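Spelled out from the first residue to the last, the chains are:
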Amino acid sequence: MVGIIDSGMGGLTTLSALCKAKVDHAYCYYADTRHAPYGNLPAHAIIEAAQEAAESLVARGADRIVLACNTATIAAKEHLAAALAVPIYGVTPALYDAQRSGGKTLLIATAYTAAHYKSDALLDVVALPRLAQLIDAHYPHLAPIEDYCRRALPAGPYDNLVIGCTHYLLVRSLLAALTQATRTFDANEALAASLSKAPAGRGISVDILASGKVDCERYLRVLRELLA
Ligand code: DGL
C-alpha cells in the first residue's frame, strides 16, 4: 500500500497521477489538515508534522510513502528517509524541465518552497502564501481563488509556468491564463513514472485519513474528477 501525505487536498493531484500510472492498487491518503498550511510553517514544524503522518501510514501498512507536497519534500524528505524503514518519495518544482524548454520562467510556490529558489534574469520566483488555504476552503468554487491570484500573480507573459505546489495544480488553467504562460510544468507524472509497479490487485482502493477536519466525500469527488 502506498501512503500519501499532503496538508490538504493538493496531493490528490499526485494520487491521481499514481493511480493513472497503476503504481499500486491500494492507497491511503493522509490530509494533515491540523497542520495546514505547511508552507507558512518553519522547517522543524513541517518535519514533525510529516513524520507523525508518515508513522501513522506505516502503522496502517504503507510500504512506501509519497510526500505529495513540494513543501514537505524540501523540508522533510531526507529526515524521513533516515528515520523510517520504508522508501520515501516526493515532488519538487520541475524547474529543470521548464528551463530546458527555454524562455522566461515563473515559479509559483508556498512561502517555504519559494524561499529555496532565487529569481534571476530568466526566472521569477513568486510565493503565494494564501493560495493553498483558499483552494482547501473553496475549490471547485473559483471566485475567491481567482480574486487572490489576480492580485498576487505577475501578469506575464511567460514561456514557462512551474507549478511548485500540488494544491495549485487543481487550478492549473486559471493560473496559466492569468500569467499568460505558454507551457506549465509539475512533477507528478515524473514521480509516478519513477515508482516501481506493485503486483496488480483487484481494482483500486483509496482510503482517506485526516489529522483534523476533512470532508472525505469532497476529496473523493475531486479525485474522481481528476481521474475522469
Ligand atoms: N501542497 C503543498 C505543496 O505542494 C503545500 C500546501 C501548504 O502550504 O500546506 O507545497
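See the structure above.
Calculation criteria
- Throughout this description, residue numbers start from 1 for each chain and increase along the sequence as written.
- Owing to the predicted nature of the model, reporting of local features is limited to residues with pLDDT of at least 70; listing and counting of side-chain atom pairs is limited to 80 or more, with chain, interface and lining totals taken over all residues.
- To get the side-chain values, all heavy atoms of the structure are used, and hydrogens and water are removed first.
- Two strands form a pair only when DSSP identifies at least two bridges running between them.
- Labels follow the DSSP assignment, with helices taken as runs of H or I lasting at least four residues and strands as runs of E lasting at least two, numbered in each case from the N terminus.
- Axis lines are fitted to C-alpha atoms, over the contacting stretch for helices. Their N-to-C directions set the angle, which ranges from 0 to 180 degrees.
- Should any heavy atoms of two residues lie within 4.5 Å, those residues are considered in contact.
- Take the buried residues of types Ala, Val, Leu, Ile, Met, Phe, Trp, Tyr and Cys, join any two whose side-chain atoms come within 4.5 Å, and each joined set is a nonpolar core.
- Type-normalised accessible area, obtained with a 1.4 Å probe on protein chains alone, sets the label of each residue: buried when under 20%, exposed when over 50%, and partly exposed for intermediate values.
- Centre distance within 6.5 Å is the pairing criterion for rings of Phe, Tyr and Trp, where only the six-membered ring of Trp is used; planes under 30 degrees apart are then read as stacked, over 60 as edge-to-face, and the remainder as tilted.
- The definition of a right-handed crossover adopted here requires that, viewed with the strands pointing away, the path from the first strand over the helix to the second runs clockwise.

**Observations concerning the sheet that holds strand E3 (residues 64–67)**
In spatial order, the strands read E4-E3-E1-E2-E9; together these five strands make up an open sheet with parallel pairing. Pairing within the sheet leaves two strands with one partner each, and these edge strands are strand E4 (88–90) and strand E9 (205–210). The mean inter-strand angle of the sheet, taken between neighbouring strand axes irrespective of direction, is 20°. As judged from the five bridges shared by strand E1 (residues 2–6) and strand E2 (residues 26–31), these two strands associate in the parallel manner. The partner of Asp 6 across the bridge, within E2, is Ala 31. Docked against the sheet, helix H1 (residues 12–20) engages E1, E2, E3 and E9, running at close to 175° with respect to E2. Those strands touched by helix H2 (residues 43–59) are E1, E2, E3 and E9, and its axis lies near 155° from that of E1.

**A few points about the nonpolar core**
Core analysis: the biggest nonpolar cluster contains 47 residues, and Ile 4, Leu 18, Ile 108, Leu 131, Ile 145, Tyr 168 and Leu 175 have the highest contact counts within it. Broken down by element, this core gets its largest block of residues, five residues, from H1. When near neighbours in sequence (up to four residues on either side) are disregarded, Ile 145 contacts Leu 131, Leu 134, Ile 135, His 138, Tyr 139, Val 171 and Leu 174. The next biggest cluster of nonpolar side chains, apart from the first, holds 24 residues, and it includes Cys 28, Ala 50, Ile 65 and Ile 88.

**What about the packing of aromatic side chains?**
The final tally for this structure, using the stated rule, is one aromatic pair. Judged by centre distance (6.1 Å) and plane angle (65°), the ring pair of Tyr 29 and Tyr 219 falls under edge-to-face. Placement of the pair is Tyr 29 in strand E2 and Tyr 219 in helix H10 (residues 216–227), with a sequence separation of 190 residues. Judged by its relative accessible area of 0%, Tyr 29 falls in the buried class.

**What about unusual backbone geometry?**
Here the amide bond leading from Tyr 139 into Pro 140 is cis, since omega sits at 10°, within 30 degrees of zero. Look at Lys 22: it is not a glycine, yet its phi comes out positive at around 50°. The exposure class of Lys 22 is exposed, given its relative accessible area of 62%. Non-glycine residue Gln 180 carries a positive phi angle of around 50°. The class for Gln 180 is partly exposed, based on a relative accessible area of 46%.

**As for the pairing of strand E8 (residues 181–185)**
Two elements, strand E7 (residues 158–163) and E8, share four bridges in a ladder whose sense is parallel. Pairing of Val 162 across the sheet is with Phe 185, part of E8. Remark: the E7/helix H8 (residues 172–179)/E8 crossover connection has right-handed handedness.

**Some details on the sheet that holds strand E5 (residues 105–109)**
Read from one edge of the open sheet, four strands run E6-E5-E7-E8, paired in parallel fashion. The open sheet terminates on both sides in strands that have one partner only, identified here as strand E6 (123–127) and E8. Averaged over all pairs of adjacent strands, the angle between their axes in this sheet comes to 20°, without regard to strand direction. Two elements, E5 and E6, share five bridges in a ladder whose sense is parallel. Following the sheet pairing, Ala 109 is matched in E6 by Ala 127. Its contacts with the sheet place H8 against E5, E7 and E8, and it is angled at close to 145° to E7.

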